[in-house]
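# Structural features, examined
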Amino acid sequence: MTNKSSLLVLSISLALLSACSTTPNQAPVVERNAPLPKPSTPSEDAQRGRDERGLYTVKKGDTLLRIALEHGQNYRDLVSWNNLANPDAIKVDQVLRVLPPDAGAAGVQTSAIVMPPAESKPAPAAPVPRKSGPKADKRAYTDAALAELQRPEGDNGKPATAAAPAPAVAAPSAPAAAAPADDEKLSWMWPSEGRVVATFDEGKNKGVDIAGKAGQQVVAAGAGKVMYAGSGIRGYGNLVIVKHSNSLLSAYAHNRSIVVKEGQSVNKGQMIAEMGDSDADGVKLHFEIRQQGKPVDPSKFLPNR
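Rules used throughout
Residues numbered from 1 in each chain as written. Predicted model: local features only at pLDDT ≥ 70, side-chain atom pairs only at ≥ 80, totals over all residues. Heavy atoms only, no water. Helix = DSSP H or I, 4+ residues; strand = E, 2+ residues; numbered from the N terminus. Buried < 20%, exposed > 50% of the residue type's maximum accessible area, 1.4 Å probe, protein only. Contact = heavy atoms within 4.5 Å. Areas by Shrake-Rupley, 256 points an atom, 1.4 Å probe, with all protein chains shown as cover. 1 Å grid on protein atoms, 1.4 Å probe; cavity = no way out; pocket = protein on both sides within 12 Å on 5 of 7 lines; lining within 4 Å. Points joined across faces, edges and corners; volume = space filled by probe spheres on them. Nonpolar A, V, L, I, M, F, W, Y, C, P; charged D, E, K, R; others polar. Salt bridge = Lys/Arg side-chain N within 4 Å of Asp/Glu carboxyl O. Polar contact = N/O pair within 3.5 Å; in protein donor to acceptor, adjacent residues only side chain to side chain. Phe/Tyr/Trp six-rings, centres within 6.5 Å; stacked < 30°, edge-to-face > 60°. Pairing = 2+ DSSP bridges. pLDDT = per-residue confidence, 0-100.

### Points about the overall build of the protein
Regarding its fold elements, the protein presents six helices and 12 strands. Looking at the protein as a whole, 37% of its 305 residues qualify as buried. Long-range contacts, defined here as pairs at least 24 residues apart, represent 67% of the contacts in the protein between residues at least 6 apart. Accessible surface computed for the protein: about 19,000 Å², of which carbon and sulfur atoms make up 56%.

Here it is as structure tokens:
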């Protein structure tokens, strides 16, 4: 009996010791980390690298005229730099040079937007005799036909050589830190009278829309040279593009007629078109200012009124 009692006590003791030594189950710990950013695709990385070298890959729906506008270049220069026999023959995934060959290695250099000096009141524009221009009638159009019809006599398609800038008086410094001298000298005025019905919104509106009457004068907002005059860019109607410096250009869209030609120099306030509704839902002027091809807010350049 005594042996049985001892055996029972020993069994109970071993059971208690075994229970104490058992490791309790612990609840799993889950670390909640912030989601990782979506990695860029190889095609996006490739395009970014091409942009840095002054190259662009053609996408579906692109035209040479639109590519030139988006990069602040003359479409004739793109034809020359890429040895294009037919501007309409560009294909999806084709790589085009959008900077001069000697500037491609350096890449695109951006500079801060230069705020023009405020003007108390712009001088009235001198009247300009009205010239005949293309009407806003709808007709078949190709970029190749436009380039052929509007090519000036003796034009061999090569870009004009830019004038050498005046030497700087100050001590030499990093070129990227200095603002372009041409941009500082520019003075601006409103391209037409009328009420602003749409303001700049980088995601929706690349410029400002000014309401007016059909046939109302549209004038150059600043002195420069006509880089394009025609209707080859969808959504802009009869369009005039004026280049003011190596980095700044202005665009005037939806005109009823155009009274200037490509390559023509224009003064600030000179009439360049008549307001209309070509490729628009009503009579208005769509006005853009682009710096190195990127749309910028025109109100930062235009005087208060």
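More follows now that the structure is in view.
### Considering empty space enclosed by the protein
On inspection of all chains with the given rule, the structure shows one cavity of 30 Å³ or more. Counting only elements with at least two residues in the lining of the largest cavity, the list comes to α3 (64-70) and β6 (224-230). For the lining of the largest cavity, the element with the highest residue contribution is α3, accounting for three residues. Residue composition of the lining of the largest cavity, grouped by class: eight nonpolar, two polar and no charged.

### Topic: the pattern of salt bridges
Enumeration according to the criterion identifies eight salt bridges in this entry. Put simply, R290 and E70 hold a salt bridge, and the shortest N to O gap is 3.2 Å. Taken together, the residues R290 in strand β11 (residues 284-291) and E70 in helix α3 connect sequence positions 220 residues apart. Look at R290 and you get buried, because its relative accessible area is 0%. Where E202 meets K294, a salt bridge forms, and the shortest distance between an N and an O atom there is 4.0 Å.

### A look at the environment of A251
With respect to the helices and strands, A251 occurs in strand β8 (residues 248-258). A C-alpha to C-alpha distance of 9.9 Å links A251 and V226, two positions 25 residues apart in sequence. Aside from chain neighbours lying at most four places away, what touches A251 is L239, V240, I241, H286, F287 and E288.

### Some words on the side chain of S257
Note that S257 resides in strand β8. A distance of 2.9 Å separates the side chain of S257 from the side chain of E274, its partner in a polar contact.

### Regarding the packing of aromatic side chains
A full pass over the atoms with the stated rule returns two aromatic pairs. Seen in terms of ring centroids, W188 and F301 are 5.6 Å apart; in terms of plane orientation they differ by 65°. Their pairing is edge-to-face. Note that W188 is positioned in the loop between α6 (181-185) and β3 (196-198) and F301 in the segment after β12 (294-296), a separation of 113 residues in sequence. F301 carries the same exposure label as W188, and that label is buried. Their ring planes at 50° and their centres at 5.2 Å tell us that Y252 and F287 sit as a pair that is tilted. Linking Y252 in strand β8 with F287 in strand β11, this pair joins segments that are 35 residues apart in sequence. The burial state of Y252 is the same as that of F287; both residues are buried.

### Observations regarding the pairing of strand β4 (residues 208-211)
The pairing of β3 with β4 spans two bridges and is antiparallel. Looking at β4, one finds that V196 is bridged to I210.

### Comments concerning the confidence of the model for the protein
Residues with a pLDDT of 70 or more make up 57% of the protein, whose mean pLDDT is 74. Across residues 128-141, where pLDDT falls below 50, the model places 29 contacts with residues more than four positions away in sequence or in other chains.

### Description of the environment of K225
Locating K225 in the fold gives a position in strand β6. According to the relative accessible area criterion, K225 is partly exposed, its value standing at 43%. For the pair K225 and E262, spaced 37 residues apart in the sequence, the C-alpha separation amounts to 7.9 Å. Dropping the residues within four chain positions of it, K225 is found in contact with I241, V242, K243, G263, Q264 and S265.

### Thoughts on the side chain of E262
Within the element layout of this structure, E262 appears in the loop between β8 and β9 (265-266). Of the residues examined, E262 reaches a relative accessible area of 13% and is grouped as buried. Within polar-contact distance, the side chain of E262 engages the side chain of R76 at 3.1 Å.

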